[in-house]
Amino acid sequence: MTHSLHPLTIGIAWCLAWGEGREPQFDLSILQQMREALRQGKDVPDTEALKCLLQTVRQLQGIPKDYFPDKITDLQDNYANLWEQTTRIGLVYGGATKIKQYVFESAKLPEIRGASALLDRINLIDLPAFFKCEELPEDFPECYRARQYCQRVRRELQHQDQKLQQLWEALVPELVIYSTGGNILAFCPTAFVPDLVNLIEKRYTEETFTANSCAVGESFRLLELRFGLLDHPIEQTKWLDWYLQDNKRQTNPITSAYFGQLKNGQPWKYLFENRKNFNEITGKLAALFQQRRNGNNLPDSQRPSRRYPPMFETHPYLLRDDVEHRLAIAPGSRIPDEPWFSDALARKRIVGQRTKGEGSRSQKWWTENSDWKWQLGQVKTLWNSGYLESWVVKFRRFIEKSHYRDRYYQDISKQKIGEARSLTEIGNAGNGFVGYIYADGNNIGGYIQKELKTPQDCRRFSRDIFTATEESVYHALGRHLKPHQLNGLTGDNQHRNGAIIYPFEILTIGGDDVMLIVPADKALAMAQTIGEEFERILLEGEKIQPREDYRITDSEIISRSQDCHRYQGKIPVTPSRCKLSMSTGVLITADQTPIYYAENLTSQLLKSAKKKAKQLKKDYDYHGGTVDFITLKSVTMISSNIESFRQEALTKQEKGKPKLKLYGAPYTLHELGGLIETGEKLKQSEFPRSQLYQIRSLLERGKQTAMLNYRYFRVRLKPENQKLLADYFEKAWCDAKTNNGNLAPWMSLLEKDGTTTYETIWRELVELYPFIVETTEQPSQTEARLL
């Protein structure tokens, strides 16, 4: 009797036992018995050669984490069995590319929703189905829920190519390292690497027609899984001792580019150790991936080229669709305006409808039109959209098990709540305005390079990030939103009045990035919650095992990072203690704003937030999240990019006077909490709205003019309202740094060149004013944890 092994250890053992040929070294039944015995911690079949292989795998896994030889020959002395093991193990990496180009190709929400759902299905279900991942429900819950569909995927593919039967026999779920975030990384018996990478690319093309994808693979020796790339023979590998013999070898520009630059007096051995591990071979796959993605044919490869993307026949006298002018097949009868669809666009639309659970009546344009059927042998059949599960269904599953359940549903029966079908319905919960939230992880790349040194590390990290990202979104939705009853809709949407909906749309949650649409008045609070919950889940754990790997333990770094916050109000600073965080772009705009335009601006805001996070990390060792946002009242408000707009329209500098920035964004998460609180108090102060706008217009006239007018209008308020502004705006944001004075409505910022820049949050407070709710029932972060 032995202890059960890590799934990836079983996968490595499977590859070694299979060997490098298309036929296994041992009888397939023996391999299956071995796999089952290792899973259950039982003795393996009594085969001497098989036991020797397992002993080798256990020896690999038993290498101490801190062990690193100074000479390559030390490996031969200490791990002779691993040194002599020549059987190579395949490693495959692939997934979708140019995802935004595919998802946002159409400007209509149903097609965008369908494109995102189709890619999610391929990423999370179809590709793992090749490995029979439905057999491991704890590790692959999506596949387990779609287990019948997974079996059908393999059956239908095998029906097209009988040779795939051999591939299915060679693949087991323990080979998959991760399959989230739009990519898959998995081990594979060496002989099947070309078949698997071609099948991955083919799956995307067959299901989507137009989505770009790429997959590459390579084989490696067993020792390379632990110590990175090695030469053949191994003893010719230029190891640590070779570099230490000559200082010029360490300082060579090529060496520095590959291993990195020394910092804080670190020994050069530190750089070498951080590079020579499993991360190095995944780096090689990433380089091959990039080469093939760019259309280059890989050397010594017999694979079909990716240089030529799918092309669709057109004709000058035939109808085309309205998106990319591809050849149209049939009109969408019973759809408003009856648009003509190409095959690629029709699949997006029908997947979008089925994801939202729209009834069979609205799908008749697809199900009752024979033009959409494909000829398969002697019969014509409709394309099967497969197993689809919307994000709302997943959110509902989360709510049922969370402490938000009773407060979220209140007296509403969950069976009566449907999904929002359009931006108009989401905007109905936000007075005609919606908020686009686009979040992405910070410090992810650096953490991967420094901390992930084994396949097990990669597997754990991928699942932790995906879980933290998904759960943080659900926490934000559960804390800030509640079901909304539609009212006041007109035109084509009038029949929906009275329906109760979940007022949000999750466009994508993949890996460490998130894009969703919510009512405008909740967007900023939700962005803050997503960032805070992401860090909290990684540190404290809910569905993941909390690990100290993510925690910042240096008290000096934690203390110094608190100095970056401009807000010094009543909300206490909670230091960011997580090495990983999220930056977020938020766009508040009318629900009629074209999605492609909104997505472009939100992406720019995310870039700005990430730039701010990078700068704060450099200047203050701040590792927390940042948020940038802008409020649009008109689609044509910004004709150029946001950075240019702020530089040209919102930055003023006259000769001999300090620079004035008429905005305060981006913000740290702590500052954003302070901004929301200040906005609430500003509304409570009953500050006349006309005077709010007047002060905003006077900002560009100069520092003193704005200060004078602000104080003039402020002293005209009731005493208790003056105190609100003094406590929550002036003292919290505007105290002078060099004396006891106050600069309201300005904040001073000391630049690196010694000059002072004055910035203000007043413009953003005024823009947010219509979306501020005076009293909020949402609990604080501390209260929410106690619920």
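Conventions used here
Residues numbered from 1 in each chain as written. Predicted model: local features only at pLDDT ≥ 70, side-chain atom pairs only at ≥ 80, totals over all residues. Heavy atoms only, no water. Helix = DSSP H or I, 4+ residues; strand = E, 2+ residues; numbered from the N terminus. Rg over C-alpha atoms; globule rule 2.2 N^0.38 Å. Contact = heavy atoms within 4.5 Å. Areas by Shrake-Rupley, 256 points an atom, 1.4 Å probe, with all protein chains shown as cover. Lys, Arg positive; Asp, Glu negative; His and termini not counted. Charge placed at Lys NZ, Arg CZ, Asp CG, Glu CD. Pairing = 2+ DSSP bridges. Axes fitted to C-alpha atoms, helices over the stretch in contact; angles between N-to-C directions. Phe/Tyr/Trp six-rings, centres within 6.5 Å; stacked < 30°, edge-to-face > 60°. Buried < 20%, exposed > 50% of the residue type's maximum accessible area, 1.4 Å probe, protein only. Expected span 1.5 Å × (residues − 1). pLDDT = per-residue confidence, 0-100. Salt bridge = Lys/Arg side-chain N within 4 Å of Asp/Glu carboxyl O. Polar contact = N/O pair within 3.5 Å; in protein donor to acceptor, adjacent residues only side chain to side chain.

> Let's hear about the overall build of the protein chain: which residues, and what values?
Of the regular secondary structure elements, the protein chain holds 34 helices and 21 strands. Computed over its C-alpha atoms, the radius of gyration of the protein chain comes to 29 Å, within 12% of the 28 Å expected for a compact globule of 787 residues. In terms of its C-alpha atoms, the protein chain occupies a principal-axis envelope of roughly 90 × 75 × 55 Å. The long-range share in the protein chain, meaning contacts at least 24 apart out of those at least 6 apart in sequence, stands at 72%. For the protein chain, the exposed surface amounts to about 36000 Å²; the carbon and sulfur share of it is 47%. If the 107 positive side-chain charges of the protein chain are averaged to one point and the 100 negative ones to another, these points end up 3 Å apart.

> Go over the sheet that holds strand β3 (residues 183–189) with me, naming the residues and quoting the values.
Spatial strand order, β2-β3-β1-β4: four strands in an open sheet with antiparallel pairing. The sheet is open, and its two edges are formed by β2 (176–178) and β4 (212–220), each paired on a single side. Strand-to-strand twist in this sheet, taken as the mean axis angle between neighbours without regard to direction, amounts to 20°. Of the strands in this sheet, β1 (89–97), β3 and β4 touch helix α11 (residues 193–208), which is tilted by about 170° from β4. Contacts from helix α24 (residues 455–480) reach β2 and β3, with the element oriented near 50° to β2.

> Please give an account of the packing of aromatic side chains that cites residues and values.
As enumerated under the stated definition, the model contains 47 aromatic pairs in all. With centroids separated by 5.1 Å and ring planes inclined at 80°, the aromatic side chains of Tyr 258 and Phe 259 adopt a geometry described as edge-to-face. Tyr 258 gets classed as partly exposed once you look at its relative accessible area, which sits at 34%. A relative accessible area of 10% means that Phe 259 is categorised as buried. Seen in terms of ring centroids, Phe 398 and Tyr 474 are 5.4 Å apart; in terms of plane orientation they differ by 40°. Their pairing is tilted. With a gap of 76 residues between them, Phe 398 in helix α20 (residues 391–400) and Tyr 474 in helix α24 connect regions that are remote in the sequence. On the basis of relative accessible area, Phe 398 is assigned to the buried category, the value being 9%. Overall, the relative accessible area of 2% leaves Tyr 474 in the buried class. Through pairs of rings, three or more aromatic residues link up here, namely Tyr 67, Phe 68, Tyr 79, Phe 227, Trp 239, Trp 242, Tyr 243, Tyr 258, Phe 259, Trp 268 and Phe 272.

> Go over helix α32 (residues 719–733) with me, naming the residues and quoting the values.
With 15 residues, α32 extends 20 Å between its outermost C-alpha atoms, agreeing within 8% with the 21 Å of an ideal straight helix rising 1.5 Å per residue. Along α32, 11 of the 15 residues are buried, which leaves the element largely enclosed by surrounding structure. Among the residues of α32, Asn 721, Gln 722, Leu 724, Leu 725, Ala 726, Asp 727, Tyr 728, Phe 729, Glu 730, Ala 732 and Trp 733 are the ones counted as buried. Check the buried side of α32 and you find it contacts β19 (667–668), α29 (669–684), α31 (703–714), β20 (747–750) and α33 (762–768).

> Run through the confidence of the model for the protein chain, naming residues and quoting values.
With 96% of its residues at a pLDDT of 70 or more, the protein chain shows a mean pLDDT of 89. Across residues 776–787, where pLDDT falls below 50, the model places 18 contacts with residues more than four positions away in sequence or in other chains.

> Report on the pairing of strand β21 (residues 756–759), specifying residues and quantitative values.
Sheet topology places strand β18 (residues 659–661) next to β21; three bridges connect them, and they run parallel. Each residue of the ladder has a partner; that of Lys 661, found in β21, is Glu 759. Of the pairings in the sheet, the one linking β20 to β21 comprises four bridges and is antiparallel in character. Following the sheet pairing, Leu 749 is matched in β21 by Thr 757. What sits between β20 and β21 in their antiparallel hairpin is a turn of five residues, with Gly 754 showing a positive phi close to 90°.

> Help me get a handle on the sheet that holds strand β13 (residues 505–510), residues and values and all.
As summarised here, the arrangement of the six strands in space is β13-β14-β10-β15-β16-β19, forming an open sheet in which the pairing is mixed. The sheet terminates laterally at β13 and β19, the two strands that pair on one side only. Here strand β10 (residues 433–442) runs beside strand β15 (residues 581–590); their pairing, made up of 10 bridges, is antiparallel. Pairing of Gly 441 across the sheet is with Met 582, part of β15. In the packing of helix α25 (residues 523–540) onto the sheet, contacts are made with β10, β14 (513–519), β15 and β16 (626–631), and the angle to β15 comes to roughly 165°.

> Tell me what's going on with the pattern of salt bridges, and back it up with residues and numbers.
This structure, assessed with the given rule, holds 51 salt bridges. For Arg 463, the salt bridge is made with Asp 139, and the minimal N-O distance between the two is 3.0 Å. Pair noted here: Arg 463 is in helix α24 and Asp 139 is in the loop between α7 (109–129) and α8 (141–145), with a separation of 324 residues, a long-range link. Close ionic contact of Glu 400 with Lys 414 constitutes a salt bridge, the shortest N to O distance being 3.0 Å.

> So what's going on with the pairing of β1? Residues and values would help.
The buried count for β1 comes to nine of nine residues, which makes it a mostly enclosed element. With seven bridges connecting them, β1 and β3 associate as antiparallel partners. Bridge assignment links Gly 94 to a residue of β3, and that residue is Ile 184.

> I'd like to hear about the environment of Tyr 67, residue by residue, with values.
With respect to the helices and strands, Tyr 67 occurs in the loop between α3 (48–61) and α4 (73–78). Overall, Tyr 67 belongs to the buried group, its relative accessible area being 18%. In this structure, the C-alpha to C-alpha distance between Tyr 67 and Glu 23, residues 44 residues apart in sequence, is 36 Å. Dropping the residues within four chain positions of it, Tyr 67 is found in contact with Asp 74, Leu 75, Asn 78, Tyr 79, Arg 226 and Phe 227. Separated by 2.9 Å, the side chains of Tyr 67 and Asn 78 make a polar contact.

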